[in-house]
Amino acid sequence: MKNYILIALCVLLASCQLNELGEAGKTVRKLNTDLYHITVMDDAGFERYLEQGGASSTDEMGEYISDYLSCGPWGKLKCAPRVSGFACSALAAKNAQGEVVTGRNYDWDPCKTLIIRCVPENGYASVATANLDFLGFGDDYDPTDGIINQYKATAAVYVPMDGINEKGLVVADLMAGDDESTNQTDASKPNITTTTSAIRLLLNHAADVDEALQLLEQYNMHSDIGRAHHLFVSDAKGQAVCVEWVNNKMIVTESRVLNNHYLCEEKKGIGSGELSLKHEATLLKAYSEHNGILSGEQMADAMFAAIALPESCDYGGTQWTIVYNQQQGSATYYWRRDRAKYYTFFAGSEVEVIKWTE
């Protein structure tokens with residue numbers, strides 16, 4: 001009898017997860033070449049991930065995600081996250097109405113990308129962006145190609161590169177510019193990785209910059225790829241900071257702009273070269289010319305002035321540009337340097353999905 005009860009409980013658990021992730025998978029839609037959207041009406045097991053101690057590497061995180069996905073009827077579904085290097089830009093300002101607007105460029109090789117609208121039961125609703133290539137499902141992976149691939153797309157909840165939550169907190173990950181690894185080892189703290197899961201933690205549970213910094217202090221931070229990252233964090237009150245890790249210590253620097261070189265005094269200016277400095281100068285010029293007051297359109301102009309073109313870099317250029325309005329909880333996406341077309345998503349749990357231009 002005990003064996004029958006155990007089997008029944010296992011089936012029930014699997015069906016619950018299948019219902020959550022299966023329903024989310026059904027919402028996957030293609031927006032543009034290599035650009036997709038999904039709505040996840042829960043957290044895809046992220047709270048359980050934190051409760052069991054998180055992970056100190058992408059390998060450990062991948063094992064957890066694989067086990068969670070494999071509760072479905074399709075057998076073992078392997079997820080092997082691999083985060084590579086990338087170059088990016090970010091800028092925060094206010095518009096004439098006093099609303100905070102933040103711009104973000106994500107510069108990398110051409111990649112499949114998923115915009116994730118996540119509405120966790122115990123956390124803030126958010127809109128985030130994931131590079132699907134980092135999930136390790138293979139070069140041919142298409143999240144719209146059949147029920148299994150739709151189901152697997154929910155793993156992207158764990159690997160956002162940037163996002164905004166319903167409280168107006170914006171978080172973006174950028175390369176810091178060298179290969180220093182961070183591996184904090186306080187036995188009293190759970191583990192988390194700089195890229196991906198740290199961003200999901202903040203989007204789900206931090207309402208502003210102060211809460212974000214307090215949360216980060218509660219975890220052991222680990223680099224994903226043996227490379228240094230820094231986070232750009234801004235909130236609806238107008239506070240904006242760069243968070244960096246040097247010698248396994250978290251260092252916070254107030255700044256309205258961030259690119260791919262360090263801002264902290266310990267490593268100030270160390271970074272990925274001329275293009276990073278050029279993009280920083282471009283964004284600071286736009287900020288200064290407008291006296292720090294930029295409309296959404298002007299922020300988009302500033303970010304497009306700092307895009308990376310394929311012919312000007314050794315990678316595929318800017319893949320996405322986002323302009324966030326942090327009072328509205330909105331994220332307006334421009335895909336692969338196309339200024340004429342955009343997609344606007346809203347983080348609020350009661351707001352239905354998107355509006356766009358054709």
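Whatever comes next refers back to the structure up there.
Here the structure is a predicted model, which is why all the values come from computation and not from measurement.

A.B. asks: Which parts of the structure should I look at to understand the environment of Glu-180?
C.D. replies: Here Glu-180 shows up in the loop between strand S8 (170-175) and strand S9 (191-193). Once residues within four sequence positions are removed from consideration, Glu-180 is found in contact with Ser-223, Arg-227, Ala-228, Trp-245, Val-246, Asn-247, Asn-248, Tyr-262 and Lys-267. Polar side-chain contacts of Glu-180 include one of 2.4 Å to the side chain of Lys-267.

A.B. asks: Help me out: how do you make sense of the layout of surface pockets in this one?
C.D. replies: In this approach a probe as big as a water molecule rolls over the atoms, and the regions it shows empty are the leftover space. A volume near 260 Å³ is recorded for the second largest pocket. Elements with a contribution of two residues or more to the lining of the second largest pocket: helix H8 (296-305), strand S15 (318-325), strand S16 (330-335) and strand S17 (343-346). Taken together, the residues of the lining of the second largest pocket break down into 6 nonpolar, 7 polar and 2 charged.

A.B. asks: Help me understand the environment of Ala-176 in this model?
C.D. replies: Among the secondary structure elements, Ala-176 is positioned in the loop between S8 and S9. For Ala-176, a relative accessible area of 0% gives the class buried.

A.B. asks: Help me understand the packing of aromatic side chains in this model?
C.D. replies: One pair of aromatic rings is described through two measures. These are the centre distance and the angle between the planes. Within the structure shown, the criterion is met by 9 aromatic pairs. Here the aromatic rings of Phe-46 and Tyr-49 are separated by 5.6 Å at their centres, their planes lie at 35 degrees, and the arrangement is tilted. Highlighted residues: Phe-46 and Tyr-49, both in helix H2 (residues 46-51), separated by 3 residues, approximately one helical turn. The residues Phe-46 and Tyr-49 share a single accessibility class, namely buried. Between Phe-304 and Tyr-334, the aromatic rings sit 5.6 Å apart at their centres with planes inclined by 90 degrees, giving edge-to-face as the arrangement. With Phe-304 in helix H8 and Tyr-334 in strand S16, the pair connects residues that are 30 residues apart, well separated along the chain. Both residues of the pair, Phe-304 and Tyr-334, belong to the buried class. Taken together, the aromatic side chains of Phe-46, Tyr-49 and Tyr-158 make up a single cluster linked through ring pairs. Positioned over the ring face of Phe-137 is Lys-152, at 4.4 Å from the centre of the ring.

The rules behind the values
- Residues numbered from 1 in each chain as written.
- Predicted model: local features only at pLDDT ≥ 70, side-chain atom pairs only at ≥ 80, totals over all residues.
- Heavy atoms only, no water.
- Helix = DSSP H or I, 4+ residues; strand = E, 2+ residues; numbered from the N terminus.
- Contact = heavy atoms within 4.5 Å.
- Polar contact = N/O pair within 3.5 Å; in protein donor to acceptor, adjacent residues only side chain to side chain.
- 1 Å grid on protein atoms, 1.4 Å probe; cavity = no way out; pocket = protein on both sides within 12 Å on 5 of 7 lines; lining within 4 Å.
- Points joined across faces, edges and corners; volume = space filled by probe spheres on them.
- Nonpolar A, V, L, I, M, F, W, Y, C, P; charged D, E, K, R; others polar.
- Buried < 20%, exposed > 50% of the residue type's maximum accessible area, 1.4 Å probe, protein only.
- Phe/Tyr/Trp six-rings, centres within 6.5 Å; stacked < 30°, edge-to-face > 60°.
- Lys NZ or Arg CZ within 6 Å of the ring centre and 35° of its normal.

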